[in-house]
Amino acid sequence: MPITPDLFPDFLLLNWLPDETLFSLVSRQHLLSGEVIASRTSERFFGGSRAGAQHDFPNRLATFVERTGGRLGGLQEVGLHRTLLNFYSAFITSQECAHAIECMAGDSVAHLKLRLGILTSRFRAHHPLKACPVCMEEDASSTGWAYWHLQHQYPGVWVCTKHAQPLLSSALKATGVQRFQWILPRQHELCDERTASQGDDLSGRLFRLAALVETLVQRGAREPLPMPQLYRMYRYAMLQRGWLTAAGSLRMNVIAKEFLEHIRPLRIVAEFAGLNHAGFRGGYLV
Ligand SMILES: [Zn+2]
């Protein structure tokens, strides 16, 4: 039987919650429908038994937009503001961004992570689903749903900047058949990824990092990051710290040591374990 947008009258089609991801909305739709088989929800919204179920970069967005009659936004809106492309778009060109949306609109996103530099970044290539336990309680109370917030999914964000709470993560989507499930955050399925207890100093660093990431993404949405200006700012800051020689060269041995010392506390979060390799190794920029 053909599936048409008529199967989704307004009263059955959920609307976006604030800062919600596409994966979250379809997971709510899955739960609300009483459907127990994930592939049927994928088929219904994305036209394939495993389609659309990647929580970071879903494929078949064109089918989703078509089957929801555009009532949840067009391809650009959904691709840019409801997936993790929202984060990466701040750091790539508009052409690259358009290409990413084109990929997600179609059948395969296989090469997208490579193209965006995620696979070669020396950080983890998967994006764990993350949630703030206080947001979950508040959301459940105010909307009836605990759901996935887009800002919490950004790489580098491990603290909810609204509640100054560490984010908990889910491993359910990382492996095997579960990769294609539709799930919402549930307290007992979430875990704290940090490998040690967290002191005030680290909490403060993670909070500042999360706030920085969110600000960068907001700013990047308005205009490209001003790279020449950033370059001048970094050089000026290095000069202030005595990290430049009289001839203006970088004192890499000192910079590397200070950098490693600065990022050392962050490495108790698994995502940041590669930081010391990503920046400097043995005193050299790599
Ligand atoms: Zn929160």
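To keep things clear, this report deals only with the structure shown in the data block. Here the structure is a predicted model, which is why all the values come from computation and not from measurement.

About the criteria used
- Residues numbered from 1 in each chain as written.
- Predicted model: local features only at pLDDT ≥ 70, side-chain atom pairs only at ≥ 80, totals over all residues.
- Heavy atoms only, no water.
- Helix = DSSP H or I, 4+ residues; strand = E, 2+ residues; numbered from the N terminus.
- Buried < 20%, exposed > 50% of the residue type's maximum accessible area, 1.4 Å probe, protein only.
- Contact = heavy atoms within 4.5 Å.
- Areas by Shrake-Rupley, 256 points an atom, 1.4 Å probe, with all protein chains shown as cover.
- Core = buried A, V, L, I, M, F, W, Y, C linked by side-chain atoms within 4.5 Å.
- Domains from an automatic or database assignment.
- Salt bridge = Lys/Arg side-chain N within 4 Å of Asp/Glu carboxyl O.
- Pairing = 2+ DSSP bridges.
- Donors = N, O, S within 2.8 Å, 3.2 Å for Na, K, Ca; no water.
- 1 Å grid on protein atoms, 1.4 Å probe; cavity = no way out; pocket = protein on both sides within 12 Å on 5 of 7 lines; lining within 4 Å.
- Points joined across faces, edges and corners; volume = space filled by probe spheres on them.
- Nonpolar A, V, L, I, M, F, W, Y, C, P; charged D, E, K, R; others polar.
- Expected span 1.5 Å × (residues − 1).
- Arc of directions from axis to C-beta.

## With respect to the overall build of the protein
Move 1: Tallying secondary structure elements over the protein gives 13 helices and 7 strands in all.
Move 2: Sorting the 286 residues of the protein into buried and exposed places 44% on the buried side.
Move 3: When contacts within the protein are restricted to residue pairs at least 6 apart in sequence, those whose partners lie at least 24 apart make up 61%.
Move 4: Approximately 15,100 Å² of the protein is accessible, and the part contributed by carbon and sulfur atoms is 56%.

## Points about the nonpolar core
A general feature of soluble globular proteins is that nonpolar side chains tend to end up buried together.
Move 1: F46, F57, F64 and L85 are the most contacted members of the largest nonpolar core, which totals 66 residues.
Move 2: A domain split of this core shows at least three residues from each of domain 1 (10-191) and domain 2 (226-286).
Move 3: Setting aside residues no more than four positions away along its own chain, F64 makes contact with L22, L25, V26, F45, F46, L72 and V78.

## Description of the side chain of H30
Move 1: Note on placement: H30 falls in helix α1 (residues 22-33).
Move 2: Here H30 falls in the buried class, since its relative accessible area comes to 6%.

## A short note on the pattern of salt bridges
Pairing between side chains of opposite charge can happen when the charged atoms of each approach one another.
Move 1: Evaluated as defined, the whole model comprises 9 salt bridges.
Move 2: Here R115 makes a salt bridge to E96, at a shortest N to O gap of 2.6 Å. Remark: E96 occurs in helix α6 (residues 94-105) and R115 occurs in helix α7 (residues 112-115); sequence separation between them is 19 residues.

## Remarks on the environment of F23
Move 1: Here F23 shows up in helix α1.
Move 2: Overall, the relative accessible area of 3% leaves F23 in the buried class.
Move 3: Separated by 30 residues in the primary sequence, F23 and A53 place their C-alpha atoms 6.9 Å from one another.
Move 4: Contacts of F23, omitting those with residues within four sequence positions, involve A53, H55, L129, W148, K173, Q181, W182 and I183.

## A look at the sheet that holds strand β1 (residues 129-131)
Move 1: Strand order in the open sheet formed by 3 strands is β1-β4-β5, with antiparallel pairing between adjacent strands. Each having just a single partner strand, β1 and β5 (190-191) make up the two edges of the open sheet.
Move 2: Here 3 bridges tie β1 to strand β4 (residues 168-170), and the two strands are oriented antiparallel to one another. Opposite K130, over in β4, you have S169 as the bridge partner.

## Some thoughts on the coordination of the zinc ion
Perfect tetrahedral coordination of a metal by four donors corresponds to 109.5 degrees between them, and perfect octahedral coordination by six donors corresponds to 90 or 180 degrees.
Move 1: Every protein donor of the zinc ion is accounted for by C132 (SG), C135 (SG), C160 (SG) and H163 (ND1), and the metal-donor separations fall at 2.1 to 2.4 Å.
Move 2: Counting along the primary sequence, the residues that act as donors to the zinc ion give the motif C-x2-C-x24-C-x2-H.

## Some thoughts on empty space enclosed by the protein
Move 1: As enumerated under the stated definition, the model contains 2 cavities of 30 Å³ or more in all.
Move 2: When its volume is computed, the second largest cavity comes out at roughly 50 Å³.
Move 3: When grouped by side-chain class, the residues that make up the lining of the second largest cavity number 4 nonpolar, 4 polar and 1 charged.

## Re α6
Move 1: The end-to-end C-alpha distance of α6, which contains 12 residues, comes to 16 Å, matching closely the 16 Å that a straight helix rising 1.5 Å per residue would cover.
Move 2: Those residues of α6 that fall on the buried side of the exposure criterion are C97, A100, I101, C103, M104 and A105.
Move 3: Check the buried side of α6 and you find it contacts α3 (61-67), α4 (75-81), α5 (85-88) and α7.

## Observations regarding helix α8 (residues 133-143)
Move 1: The complete set of buried residues in α8 reads P133, C135, M136 and D139. Projected onto a plane normal to the axis of α8, the buried residues spread over an arc of 150 degrees and lie on a single side. Every exposed residue of α8 that faces more than 90 degrees away from the buried side is listed here: E137, S141 and S142.

## As for the side chain of D56
Move 1: With respect to the secondary-structure elements, D56 resides in the loop between α2 (38-46) and α3.
Move 2: Given a relative accessible area of 6%, D56 falls into the buried group.
Move 3: Setting aside residues up to four positions removed in sequence, D56 forms contacts with T83, L84, K113 and H127.

So yeah, pure geometry; function would need other evidence.
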